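The primary structure of each chain is shown beneath.
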Amino acid sequence: MRSIRKWALATCFAFTLGSCNQALDIAPDGRISLEEVFRNNDRTAAFLNSCYNFIPLKGTRYFFWSRGPVMWSDEAWDTDAEAESWIMSGRMYNGNTSAGDHPVLSWDSDGNGDYWNRYWQGIRNTSLFIKNIGTATVTNERDRARWKAEAHLLRAYYYHEMLKWFGPVLPIMREPFNFTDDFTTLEKASYYEVVKFIMEDCGIALSTEELPWRITTPGEAGRFNKSMAEAIRSKMILFAASPLNNGGQNLWEEAYQVNKAALESLRAQGYALYRKVAVPQTYQSDRSFFGEDNNYYAAVYNEYFTRPMDYSSNPVDTETIFQSKDDQGNIWHIDGIGSQVGYKTGTCPSQELVDAYETSDGQPVLNLETPYLDAQHTQPNYNTANKLYDPQQPYKNRDPRFYASIYYNGSRRYAWWSFAEEPASVENYPAPQGFRTRVIATWAGEPRTGLHGTVRSATRTGYYERKFLHPTAGDNNAVAGANWKLFRLGEVILNFAEAAAEAGHLEEARAAVNEIRSRVKMPDLPAGLTQKDLILRVRNERRIELALEENRYFDVRRWSMPEGDLSATDRWVTAMEITRNANGTFQYKRRPVRTEDRKCYTNRFLWIPVPLAEASRLSSITGKNWQSPGW
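So, here's what we can say about the structure. This structure is a prediction, so every number in the text was calculated from the model and none was measured.

## Description of the overall build of the protein chain
Secondary structure assignment for the protein chain yields 21 helices and eight strands. Sorting the 631 residues of the protein chain into buried and exposed places 62% on the buried side. For the protein chain, the exposed surface amounts to about 22500 Å²; the carbon and sulfur share of it is 49%.

## Structural notes on the pattern of salt bridges
Evaluated as defined, the whole model comprises 57 salt bridges. The residue aspartate 101 makes a salt bridge to arginine 91 at a minimum N-O spacing of 3.3 Å. Here aspartate 101 is found in the loop between helix H5 (88-94) and helix H6 (103-106), whereas its partner arginine 91 is found in helix H5, with ten residues between them in sequence. Put simply, glutamate 507 and arginine 510 hold a salt bridge, and the shortest N to O gap is 2.9 Å. Placement of both glutamate 507 and arginine 510 in helix H18 (residues 506-518) is noted, with a separation of three residues, approximately one turn of the helix. You can call arginine 510 buried: its relative accessible area is 16%. Each of Glu319, Glu358, Asp399, Arg401, Lys467, Arg488, Arg517, Arg519, Arg537, Glu541, Glu545 and Glu549 takes part in salt bridges that share partners, so that together they form one network.

## Looking at the nonpolar core
Core analysis: the largest hydrophobic core is formed by 168 residues, its most contacted members being Trp165 and Phe166. Per-element accounting of this core gives the leading share, 13 residues, to helix H8 (residues 141-166). Setting aside anything within four residues of it in sequence, one finds phenylalanine 166 in contact with Leu105, Tyr115, Trp116, Trp607, Ile608, Pro609, Val610 and Ser628.

## Re the environment of glycine 504
Turning to its location among the elements, glycine 504 is positioned in the loop between helix H17 (489-503) and H18. Sequence-wise, glycine 504 and glutamate 253 are 251 residues apart; in three dimensions their C-alpha atoms are separated by 8.4 Å.

## Things to note about the packing of aromatic side chains
This structure, assessed with the given rule, holds 47 aromatic pairs. Judged by centre distance (5.8 Å) and plane angle (40°), the rings of phenylalanine 63 and phenylalanine 64 are tilted. Between phenylalanine 63 and tryptophan 107, the aromatic rings sit 4.4 Å apart at their centres with planes inclined by 5°, giving stacked as the arrangement. With phenylalanine 63 in the loop between helix H3 (41-50) and strand E1 (76-78) and tryptophan 107 in the loop between H6 and helix H7 (115-133), this pair connects stretches of sequence that are 44 residues apart. Stacked on the ring of phenylalanine 402, the Lys or Arg arginine 398 has its end atom at 5.4 Å from the ring centre.

## Some details on the environment of leucine 34
With respect to the element layout, leucine 34 can be found in helix H2 (residues 34-37). Residues leucine 34 and threonine 44, ten residues apart in the sequence, show an inter-C-alpha distance of 9.6 Å.

## Some remarks on the side chain of serine 66
Note that serine 66 resides in the loop between H3 and E1. Those residues within four positions of serine 66 in sequence are excluded, and the remaining contacts are Gly59, Thr60, Arg61, Met71, Asp78 and Ser89.

## What about empty space enclosed by the protein?
This structure, assessed with the given rule, holds six cavities of 30 Å³ or more. For the largest cavity, the calculated volume is near 180 Å³. Forming the walls of the largest cavity are 18 residues, and the residues nearest its centre are Lys235, Leu486, Glu491, Glu549 and Asn551. Counting residues per element, the ones that place at least two in the lining of the largest cavity are H8, helix H10 (226-241), strand E6 (485-488) and helix H20 (551-558). When grouped by side-chain class, the residues that make up the lining of the largest cavity number seven nonpolar, two polar and nine charged.

## Considering the packing of H17 against H18
Two quantities define a packed helix pair, namely the angle between the helix axes and the distance between the axes. One way to put it is that H17 packs onto H18 with a least axis distance of 8 Å and a crossing angle of 155°. Taken as axis vectors, H17 and H18 run roughly antiparallel relative to one another. Two packed elements cross with a definite hand, and for H17 against H18 that hand is left-handed. Residues Gly490, Ile493, Leu494, Phe496, Ala497, Ala500 and Ala501 of H17 form the contact with H18, whose own contacting residues are Leu506, Glu508, Ala509, Ala512, Val513, Glu515 and Ile516.

## Quick look at the pairing of strand E8 (residues 586-592)
In terms of strand pairing, strand E7 (residues 574-580) meets E8 through seven bridges, oriented antiparallel. Within E8, the position partnered with threonine 574 by the bridge is proline 592. With antiparallel pairing between neighbouring strands as the criterion, E7 and E8 make up a hairpin whose turn holds five residues, including glycine 584 at a positive phi of roughly 95°.

The rules we used
- By convention here, each chain's residues receive numbers from 1 onward along its written sequence.
- Reporting of local features is limited, given that this is a predicted model, to residues whose pLDDT is at least 70; pairs of side-chain atoms are given and counted only at 80 or more, and all residues count toward the totals for whole chains, interfaces and linings.
- Neither water nor hydrogens contribute to the side-chain values; these are computed over all heavy atoms in the structure.
- Comment: elements are numbered from the N terminus, with helices defined as DSSP H or I runs of at least four residues and strands as E runs of at least two.
- Burial classes follow relative accessibility: with a 1.4 Å probe on protein chains only, a residue under 20% of its type's maximum area counts as buried, one over 50% as exposed, and anything between as partly exposed.
- Method for areas: the Shrake-Rupley scheme with a 1.4 Å probe, in which residue coverage is limited to the protein chains shown.
- Salt bridges are identified by distance alone: a Lys or Arg side-chain nitrogen within 4 Å of an Asp or Glu carboxyl oxygen.
- Definition of nonpolar core: a set of buried residues of the types Ala, Val, Leu, Ile, Met, Phe, Trp, Tyr and Cys, connected through side-chain atoms within 4.5 Å.
- Two residues qualify as a contact provided that any one of their heavy atoms is within 4.5 Å of a heavy atom in the partner residue.
- Pairing of aromatic rings covers Phe, Tyr and Trp, the last through its six-membered ring, and needs centres within 6.5 Å; plane angles under 30 degrees mean stacked, over 60 mean edge-to-face, and all others mean tilted.
- Only when the NZ atom of a Lys or the CZ atom of an Arg is both within 6 Å of the ring centre and within 35 degrees of the ring normal do we say a charge sits over the ring.
- Only protein atoms enter the calculation, which uses a 1 Å grid: trapped sets of points that fit a 1.4 Å probe without letting it out are cavities, open sets showing protein on both sides within 12 Å along at least five of seven lines are pockets, and any residue with an atom within 4 Å of a point is a lining residue.
- Grid points are joined across faces, edges and corners, and a volume is the space filled by probe spheres set on the points.
- Side-chain classes are defined by residue name, with Ala, Val, Leu, Ile, Met, Phe, Trp, Tyr, Cys and Pro counting as nonpolar, Asp, Glu, Lys and Arg as charged, and the others, Gly among them, as polar.
- Working convention: axes come from line fits to C-alpha atoms, limited for helices to the stretch in contact. Angles between N-to-C directions cover 0 to 180 degrees.
- Roughly parallel refers to an angle under 35 degrees, roughly antiparallel to one over 145, roughly perpendicular to one between 65 and 115, and oblique to any angle outside these ranges.
- Each helix crossing is assigned a hand: it is left-handed if the near helix lies turned anticlockwise from the far helix by less than a right angle, otherwise right-handed if that turn is clockwise.
- By definition, two strands form a pair when at least two bridges between them are found by DSSP.

Here's what the structure looks like:
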């Protein structure tokens, strides 16, 4: 294997401190042996710090300021897919992918991409550290114990990322591979076996007293904590129990038990949902911004995603378990309403995502089992029990999270944004002729926003992303997108809810979902739902609560059967085409974003491929097929 050989042959390492331990101010110079590294306390610490270098930034840090998997699922459409069809989303939509040249593997942007090599390098280095830390020169035995626990948890994290993307095509590395090893005996582990190995590493972290449950000082920002072990265990046993991965076994009761224990541990350590607006002067300065009735609950949700977590013993944010080390950059310029500065909108939420938000009475808008009557999603199958939804006023009376997450036709904008706009609304119907240049003057009475098929600063779907955009951010007020929340309690609660529902613990599942809903004052799920109906509601709650956070991409895959595909969700993505009538009212018409379907829905897109050269080497060495199915 190219990667394994490369690492095994290396006798010298170049380490950087990064941001994981600001107390250290030296690093190995790249010209010393591994033995010399572990004979020195500071070099040993620096080696561990270097093991953090493979954690991706996620968020908008995919290639060309993209949200990556958010826009490769049915949640959104990427404005660059047409304007810049040679980059990631365009290639995915058009089927221009192969094991030899896959967009997810071909580029590396802030750690997003080149996953096979990056994560194996992280696994290799953490395994080396675990092997050597016991005899390394360390001046403080508490440091030795903590560092070892961090290395086990880092290895668990890298394996969990590998398993999410590639599936069961991985060997288990308890010991670092050496160049002289006999690779002919290398074995692929099953999905469940890898998950159990991940949970074993997490268990070591959890049993280590010296590893803290929460990072409380800025100087240790970015270091792993014990709570991450519970979050990783929670997610991976859920994934193992899911139809795509369970190998025909019923693992739901195990998933329920693991998730129940994880949730209890996190609560015992003070983790709780973010429920209170901390900066009302910013998030509640205009009560009509989110709507009179929904203002507070939308504001608290919006505030959570637009402010980074704080590192203190008494943090404002008690929900976030781990966030990225860097922020998401100037997202008002490249994601959201990019038209305000004329560059690009980036992530355009889909009509399918909009349809998922319930009305304020707690009723789904669509039939959750069969949401559309046609393959292209232009004919909604409405929930007959919903009496509040009006197709001619589709954005009234919706879940507060809708108003906090999506700009729609009629949204209010803050007045201090960087260009003049009609005060009443964001108008997302087709823009006037001439809406084709990068910098556009404001027409009298016309918006600078609009639905357009190729202009990068327009919307493809009729919607713009709001969830991660600070309310006052703009070209004249550069508030960067907050750090990406890789793990948070809200997801763990929903992991537990799903496992409980699938295992038949229906009332516990319902209570967990209701806890999530109570944050935004949505009504409780009705009592007495059948298991089938409750599972549908749990899945839809995940879609709403975790919208645009990368979860949907993996959820629709793990809910598929191994022989299945994504045609029902990912083949067609729709837009809302809006026409303004002479009397000021609007007509709403659903249509596909483009006339041609997306090509990234077939069976092979359940996984990304092992790089072709690597799969070929593995096959020639072991005599077994190591490639992901379909590639």
